[in-house]
Amino acid sequence: MAKRDYYEVLGVDRSVDEKALKSAYRKLAMQYHPDRNPDDKEAEARFKEVGEAYAILSDPEKRAAYDRMGHAAFEGGMGGGQGPFGGQAGAADFADIFEQVFGGAFGGMGGGRGRQRGGPARGSDLRYDLEVNLQDAFAGKSETLKVPTNLTCERCDGNGAEPGTSLETCPQCAGAGVVTAGNGMFRIRQTCPRCGGQGKTVTTPCQACDGVGQVRKVRSLNVDIPAGVEDGMRIRLAGEGEAGAKGGPRGDLYIFVSIRHDELFERDGPNLYCRATVPMVTAALGGSICCPVIDGGKAELKIPAASQTGKRMRLKGKGMPRLRGGPRGDMIVELYVETPRNLTDRQKELLEEFCDLSGGNCNPESEGFMGKAKRFWDDLTSEDGRPNA
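The structure displayed is predicted, hence computed values, not measured ones.

A.B. asks: It is not clear to me how the sheet that holds strand β15 (residues 331-338) should be interpreted in this structure. Could you clarify?
C.D. replies: Sheet strands pair via backbone hydrogen bonds, and the direction of the pair is either parallel or antiparallel. Here four strands make up an open sheet; going across it, the order is β10-β11-β15-β14 and the pairing mixed. The open sheet terminates on both sides in strands that have one partner only, identified here as β10 (266-268) and β14 (312-315). On average, each strand axis in the sheet is tilted by 30 degrees relative to the strand beside it, whichever way the strands run. Where strand β11 (residues 271-279) lies against β15, eight bridges are found, and the strand directions are parallel. Within β15, the position partnered with C274 by the bridge is V333.

This is the structure in C-alpha cells:
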C-alpha cells in the first residue's frame, strides 16, 4: 500500500513552521496513543504513522530531502540501493521524539530521563468509629481516644538506617527510583522493585523500626463532640493520621460518630419523640402527667379530657440543640391510653354500670366502626342474595 504524504498525515500544509508542526503532532499523538485506545490496531497504526511523519518533518535536513524526493529519500531504490538517509526512522527514534515532546507522559515512551521518584509522601488517613449516647449528643462532651497509628521512628528520623550508617544508592535503578521494561517503541518505566522508588537502599536497618522508618504506637487524642451532633456525622482532625514517608506531611483522622439507641426518646433531626402511657381515667376525664426531658429535667403535660391513643402533644424547645445554632427542636409526646387490668369485682361492676349508662355518645369511634362493618356485611348479602355466614 502506497504511503500517504507526511504533510497530509499530520494535517498541515508544506509551509508549516516548527511550532505549528509540533502542535499538530501533539494533538494526533494524544488522540491515537495506545494507552487511550487499547486493543485498537487501527489507532496503533495511525499512532506509528504520525510518529514517522513527525520524525522526518521535524528534522530540517530530513525534511529538505523529503521535500525534494518524497518517500524515495528514505527507501531502497529500484536497484536495491538506499536513499540518502539509508532507510526510514526507526521505532526508537519515534520513542525519543515522543519523550521530548511530552516529557514522559503516559508512563514514558522512551525510557529517558524522568523525574526523581521516592520523595516525601503524605501519610494515610485514619478512621475511628465513636459511639455516644443521646444525652452526650445533646450536651456535647470531651472524649479521649486511643488511636493506633504509624509514627516516624525517632531513632532513625524516618530514613530506616541505623544511626551512624547511611543510605546507599540503589544499584538496580542507579538512584532514579524507576526502571525501564520493554524494548523498541513501547518502553515502560515502573517503580524500582528493589528500593520501592526511593532511589536509596538501607544496608544497616534501624534496630527500632527494622528499616521501615516508622513504628506502631497508640496515641491519646482529645476530641470535643459538639452539642447537637447527629448520627453519621464525620469529624476531621487534620494532621492526626498516619506519618508521612520521607518527611512528608501526616494524613488526617476522621471520626465517624454514631448515636446509641435510647429506650425513651427517638430522634428526628432536632426533634425528639416520646411515647407516654396515660391511665384510662386520666385520658377520659383529663388531668396531667409528668414527662422526662432530654436535659434531665421534668415537664408537666396537661392531658385534655377524652384524649385517645395516638394523640400527639408538642413541648416547644424541649428537643435537641441545632449544630449550627438556632432554637432547640421540640419534643413530641404521643399518648398511649392504657386499659386497666387486674380489676376487682367491684371495679368490674362499676365499669359494667358505666357501660349501661354511657350509650353511643361516649364511644363515637367504636359506634362509627360498627356502623361501617354492618354496611359492609349488608353489601355482601345484597350481591349474592344469601346471608353472610
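Having seen the model, we can carry on.
A.B. asks: What is the right way to read the packing of helix α3 (residues 41-57) against helix α4 (residues 60-69) from this model?
C.D. replies: Working note: a packed helix pair is described by the angle between its axes plus the distance between those axes. The geometry of α3 relative to α4 is characterised by a closest axis approach of 6 Å and an angle of 100 degrees between their N-to-C directions. Compared by their axis directions, α3 and α4 come out roughly perpendicular. Two secondary-structure elements touch here, α3 through A55, I56 and L57 and α4 through K62, R63 and Y66. Classifying every residue of the contact of α3 with α4 by side-chain character gives four nonpolar, no polar and two charged.

A.B. asks: Please explain the packing of aromatic side chains as it appears in this structure.
C.D. replies: The geometry of an aromatic ring pair is captured by the separation of the ring centres together with the interplanar angle, meaning the angle of the planes. This structure, assessed with the given rule, holds three aromatic pairs. Measuring from centroid to centroid gives 4.4 Å for Y25 and Y54, while their planes differ by 10 degrees, and the two rings are stacked. Taken together, the positions of Y25 in helix α2 (residues 18-32) and Y54 in helix α3 put the pair 29 residues apart, joining distant regions of the chain. Like Y54, Y25 is buried. Geometry around F256 places R127 over its ring, the cationic atom sitting 3.8 Å from the centre. When the ring centre of Y336 is taken as reference, the NZ or CZ atom of R275 above it lies at 4.3 Å.

A.B. asks: So what exactly am I meant to see when it comes to a nonpolar patch on the surface here?
C.D. replies: Together, M280, V281, L285 and L351 give the surface a local cluster of nonpolar side chains, amounting to about 370 Å² of exposed area. When residues of the nonpolar patch are assigned to their parent elements, the largest contribution, three residues, is made by helix α7 (residues 280-285). By the secondary structure assignment, M280 is in helix α7.

A.B. asks: Just to check I follow, could you spell out the pairing of strand β8 (residues 234-237) for this structure?
C.D. replies: The side chains of a regular strand alternate, first on one face of the sheet and then on the other. A one-sided burial pattern is seen for β8, the buried positions being I235 and L237 and the unburied ones R234 and R236. Two elements, β8 and strand β9 (residues 253-259), share four bridges in a ladder whose sense is antiparallel. Each residue of the ladder has a partner; that of R236, found in β9, is Y254.

A.B. asks: Teacher, can you tell me more about the environment of G199 here?
C.D. replies: Considering the arrangement of structural elements, one finds G199 in the loop between β5 (188-191) and β6 (200-201). Separated by 22 residues in the primary sequence, G199 and G177 place their C-alpha atoms 4.3 Å from one another. Apart from the residues within four sequence positions on either side, G199 is in contact with E168, T169, C170, C173, G175 and G177.

A.B. asks: What is the right way to look at the nonpolar core in this model?
C.D. replies: In a soluble, globular protein the nonpolar side chains are often hidden away together inside. If you look at the biggest cluster of nonpolar residues, it comprises 38 residues, and the most contacted ones within it are I255, I294, L301 and V333. What I294 contacts, discounting residues up to four positions off in sequence, is L134, Q135, F138, F265, L272, K318, G319, M320 and R328. Core analysis: the next-biggest nonpolar cluster, separate from the first, contains 23 residues, L21, A29, V50 and A65 among them.

A.B. asks: Is there a simple way to explain the confidence of the model for the protein chain in this structure?
C.D. replies: Note: predicted coordinates in regions of low pLDDT should not be interpreted at a detailed level. Across the protein chain, the average pLDDT comes to 83, with 83% of residues at or above 70. Scored below 50 in pLDDT, residues 77-84 makes ten contacts in the model with residues more than four places away or belonging to other chains. Below a pLDDT of 50 lies the segment residues 104-116, which in the model reaches 36 contacts outside its immediate sequence neighbourhood of four places, other chains included.

A.B. asks: Sorry, what's going on with the sheet that holds β8 here?
C.D. replies: In spatial order, the strands read β1-β9-β8; together these three strands make up an open sheet with mixed pairing. In the strand order of this sheet, the two ends are held by β1 (126-132) and β8, each with one partner. Looking at each pair of strands side by side, their axes are set apart by 25 degrees on average, direction ignored. Two elements, β1 and β9, share seven bridges in a ladder whose sense is parallel. The residue bridging R127 from the neighbouring strand is Y254, located in β9.

A.B. asks: I keep staring at the layout of surface pockets and nothing clicks. Help me out?
C.D. replies: Space left empty within the atom packing is revealed by a probe, the size of a water molecule, rolled over the atoms. Quantified by volume, the second largest pocket comes out at close to 380 Å³. By residue class, the composition of the lining of the second largest pocket is six nonpolar, eleven polar and four charged.

A.B. asks: Explain unusual backbone geometry here, please?
C.D. replies: Positive phi, normally seen in glycine, also occurs at D157, with a value near 60 degrees. Position of D157 among the secondary structure elements: in the loop between β2 (141-152) and β3 (168-169). Positive phi, normally seen in glycine, also occurs at A174, with a value near 60 degrees. Mapped onto the secondary structure, A174 falls in the loop between β3 and β4 (178-181). The exposure class of A174 is exposed, given its relative accessible area of 64%.

A.B. asks: Honestly, α3 in this entry has me stumped. Any pointers?
C.D. replies: In an α-helix, one turn spans 3.6 residues; hence positions three or four apart end up facing the same way. Here α3 contains 17 residues, and its C-alpha end-to-end distance of 24 Å stays within 8% of the 24 Å for a straight helix at 1.5 Å per residue. Burial in α3 covers these residues: A43, F47, V50, G51, E52, A53, Y54, A55, I56 and L57. Near the N-terminus of α3, the side chain that reaches the backbone nitrogen of E42, with its oxygen 3.2 Å away, is that of D40.

A.B. asks: Help me understand the pattern of salt bridges, please; the structure alone is not making it clear to me.
C.D. replies: Any two side chains of opposite charge can pair if their charged atoms end up close together. Inspection of every chain in the model, using the stated rule, returns 23 salt bridges. As a salt-bridge pair, E44 and K48 come within 3.4 Å of each other at their nearest N and O atoms. Of this pair, E44 and K48 both sit in helix α3, four residues apart, roughly one helical turn. When its relative accessible area of 25% is taken as the criterion, E44 is described as partly exposed. Measuring nitrogen to oxygen at the nearest pair gives 3.5 Å for the salt bridge that ties D136 to K141. Via salt bridges that share partners, R4, E8, R46 and E49 belong to a single interconnected network.

Basis of the calculations
Residues numbered from 1 in each chain as written. Predicted model: local features only at pLDDT ≥ 70, side-chain atom pairs only at ≥ 80, totals over all residues. Heavy atoms only, no water. Pairing = 2+ DSSP bridges. Helix = DSSP H or I, 4+ residues; strand = E, 2+ residues; numbered from the N terminus. Axes fitted to C-alpha atoms, helices over the stretch in contact; angles between N-to-C directions. Parallel < 35°, antiparallel > 145°, perpendicular 65-115°, else oblique. Contact = heavy atoms within 4.5 Å. Nonpolar A, V, L, I, M, F, W, Y, C, P; charged D, E, K, R; others polar. Phe/Tyr/Trp six-rings, centres within 6.5 Å; stacked < 30°, edge-to-face > 60°. Buried < 20%, exposed > 50% of the residue type's maximum accessible area, 1.4 Å probe, protein only. Lys NZ or Arg CZ within 6 Å of the ring centre and 35° of its normal. Patch = residues over 30% accessible without salt bridge, like charges linked within 9 Å, V, L, I, M, F, W, Y side chains within 5 Å. Areas by Shrake-Rupley, 256 points an atom, 1.4 Å probe, with all protein chains shown as cover. Salt bridge = Lys/Arg side-chain N within 4 Å of Asp/Glu carboxyl O. Core = buried A, V, L, I, M, F, W, Y, C linked by side-chain atoms within 4.5 Å. pLDDT = per-residue confidence, 0-100. 1 Å grid on protein atoms, 1.4 Å probe; cavity = no way out; pocket = protein on both sides within 12 Å on 5 of 7 lines; lining within 4 Å. Points joined across faces, edges and corners; volume = space filled by probe spheres on them. Expected span 1.5 Å × (residues − 1). Polar contact = N/O pair within 3.5 Å; in protein donor to acceptor, adjacent residues only side chain to side chain.

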